[in-house]
Amino acid sequence: MRAIIAVSTERMTWQEVPDVAAHAGEVVIKVAAAGVNRADLLQAGGSYPPPPGASDILGLEVSGTIAEIGPGVTGWSVGQSVCALLAGGGYAEYVAVPAAQLLPVPAGVDLVAAAALPEVACTVWSNLMMTARLRPGGLLLIHGGASGIGTHAIQLARALGTRVAVTAGSAAKLATCSELGAEILINYREEDFAERIREAGGADVIFDIIGAKYLDRNIEALADGGRLVIIGMQGGIKAELNIATLLGKRAGV
């Protein structure tokens, strides 16, 4: 079996690696395509090590067809088109994955395009629906609206009936967000997002990839009872939190 091994951030190479097999609770996927995530790039640069026991081959999501089914797996069949969320190993001809991490390829979605679904779908659903309890109505603010996470979140929120505000760094990115259904478009290079969101009545949920740099203004931008969900640290990992403001809004982080 061949796999892509990262020699450095600038160079990856095909190498022969041991074949994979489906152990109990797993399936083997013949890979059609693999996604490219920020985490993949960080791993290639040596700054985002895989979890203990995971493959040192890059690749956190794939699409393809089931080639082998391990003991104890039900509800899936050899030859079925799937996509999957991985702990690693996706940049290879075959990958073994726990069956619980499989997703069927949605009707109307190309098999190759489906490789870009698992990471964003699982991240957005778990954070917006399960953690932040996003509901119809109200306002969702998405930082990095034109990212993979952001574009998926816009579409989910609009399907739910929630208004969407986004931040992005260019007119082209904001135009993309608008086409997907975002109503409030904020170029963070030119204006203060907290002020714009306060003018709109405050955000019921803020979906944040920045972290420390935005913490204070995110709290300011929340509506009463709002929830801030932080999923990234591009703006640092440490910041002071004004607890009085948080309590005054009965908000949550």
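Everything discussed here concerns the structure shown above.
Model, not experiment: these values are computed from the prediction.

Student: Can you walk me through the overall build of the protein chain in this structure?
Tutor: Each helix and strand in the protein chain was counted, giving seven helices and 12 strands. Taking 18 Å as the expected radius of gyration for a compact globule of 253 residues, we find that the protein chain reaches 20 Å, a close match to that expectation. The principal-axis extent of the C-alpha atoms belonging to the protein chain is close to 55 × 35 × 35 Å. The contacts in the protein chain between residues at least 6 apart in sequence include a share of 60% that link residues at least 24 apart. Carbon and sulfur atoms form 54% of the exposed surface of the protein chain, whose accessible area is close to 12500 Å². Side-chain charges of the protein chain comprise 18 positive and 24 negative groups, with the mean position of each set lying 6 Å from the other.

Student: What is the right way to read the pattern of salt bridges from this model?
Tutor: A side chain of one charge can pair with a side chain of the opposite charge if their charged atoms are brought near each other. Summed over all chains, the structure comprises six salt bridges. A salt bridge links Arg158 to Glu183, with the nearest nitrogen and oxygen atoms 3.7 Å apart. Pair noted here: Arg158 is in helix α3 (residues 148-160) and Glu183 is in the loop between α4 (171-180) and β10 (184-187), with a separation of 25 residues, a long-range link. A residue is classified by how much of its surface remains accessible, and Arg158, at 33% relative accessible area, is partly exposed. For Glu183, a relative accessible area of 43% gives the class partly exposed. The partner of Arg217 in a salt bridge is Asp192, and the shortest N-O contact between them spans 3.5 Å. Of this pair, Arg217 sits in helix α6 (residues 215-221) while Asp192 sits in the loop between β10 and α5 (193-199), and the two are 25 residues apart along the sequence. Judged by relative accessible area, Arg217 falls into the partly exposed class, the value being 29%. Exposure remark for Asp192: the relative accessible area of 29% places this residue in the partly exposed category.

Student: Which parts of the structure should I look at to understand the environment of Gly90?
Tutor: Its location among the elements puts Gly90 in the loop between β5 (81-85) and β6 (94-98). Of the residues examined, Gly90 reaches a relative accessible area of 1% and is grouped as buried. Here the alpha-carbon distance between Gly90 and Ser63, two residues 27 residues apart in the chain, equals 9.1 Å. In contact with Gly90, other than residues within four places in its own chain, are Val31, Ala34, Leu58, Gly59, Val62 and Val95.

Student: Whenever I open this one, the packing of helix α2 (residues 118-131) against α3 confuses me. Can you help?
Tutor: Each pair of packed helices gets described by two things: the angle between the helix axes and the distance between those axes. Remark: α2 packs on α3, axes separated minimally by 9 Å, with the N-to-C direction vectors making an angle of 55 degrees. Overall, the two elements α2 and α3 adopt an arrangement that is oblique. Between α2 and α3 lies a crossing whose hand is right-handed. Along its contact with α2, which presents Glu119, Val120, Ala121, Thr123, Val124, Trp125, Leu128 and Met129, the element α3 presents Gly148, Ile149, His152, Ala153, Leu156 and Leu160. Taken together, the residues that form the contact of α2 with α3 break down as 10 nonpolar, three polar and one charged.

Student: Any chance you could explain the sheet that holds β10 here in plain terms?
Tutor: Strand pairing in a sheet relies on backbone hydrogen bonds. The paired strands run either parallel or antiparallel. Within the open sheet, the five strands sit side by side as β10-β9-β8-β11-β12. Their pairing is parallel. Lying at the two open borders of the sheet, with one neighbouring strand each, are β10 and β12 (222-230). Strand-to-strand twist in this sheet, taken as the mean axis angle between neighbours without regard to direction, amounts to 15 degrees. The pairing of strand β8 (residues 139-143) with strand β11 (residues 203-208) spans three bridges and is classified as parallel. Residue pairing for β11: Ile142 is matched across the bridge by Phe207.

Student: Quick question: what am I supposed to make of the layout of surface pockets here?
Tutor: Gaps left between atoms are located by rolling a probe of water-molecule size over the structure's atoms. Volume-wise, the largest pocket comes out at about 1300 Å³. Considering the residues around the largest pocket, the lining is formed by 36 residues, among which Arg38, Ala39, Ile149, Ile209 and Gln234 are closest to the centre. For the lining of the largest pocket, the secondary structure elements donating two or more residues are α1 (38-44), α2, α3 and β9 (163-168). Residues belonging to the lining of the largest pocket are distributed by class as follows: 18 nonpolar, 12 polar and six charged. One number sums up the size of the second largest pocket: a volume of about 330 Å³. In this structure, the second largest pocket is lined by 21 residues; those nearest its centre are Ser55, Gly88, Gly89, Val95 and Ala96. Broken down by element, the lining of the second largest pocket gets its largest block of residues, five residues, from β6.

Criteria and thresholds
Residues numbered from 1 in each chain as written. Predicted model: local features only at pLDDT ≥ 70, side-chain atom pairs only at ≥ 80, totals over all residues. Heavy atoms only, no water. Helix = DSSP H or I, 4+ residues; strand = E, 2+ residues; numbered from the N terminus. Rg over C-alpha atoms; globule rule 2.2 N^0.38 Å. Contact = heavy atoms within 4.5 Å. Areas by Shrake-Rupley, 256 points an atom, 1.4 Å probe, with all protein chains shown as cover. Lys, Arg positive; Asp, Glu negative; His and termini not counted. Charge placed at Lys NZ, Arg CZ, Asp CG, Glu CD. Salt bridge = Lys/Arg side-chain N within 4 Å of Asp/Glu carboxyl O. Buried < 20%, exposed > 50% of the residue type's maximum accessible area, 1.4 Å probe, protein only. Axes fitted to C-alpha atoms, helices over the stretch in contact; angles between N-to-C directions. Parallel < 35°, antiparallel > 145°, perpendicular 65-115°, else oblique. Left-handed = near helix turned anticlockwise from the far one by under 90°. Nonpolar A, V, L, I, M, F, W, Y, C, P; charged D, E, K, R; others polar. Pairing = 2+ DSSP bridges. 1 Å grid on protein atoms, 1.4 Å probe; cavity = no way out; pocket = protein on both sides within 12 Å on 5 of 7 lines; lining within 4 Å. Points joined across faces, edges and corners; volume = space filled by probe spheres on them.

Distances and angles like these do not, on their own, reveal function.
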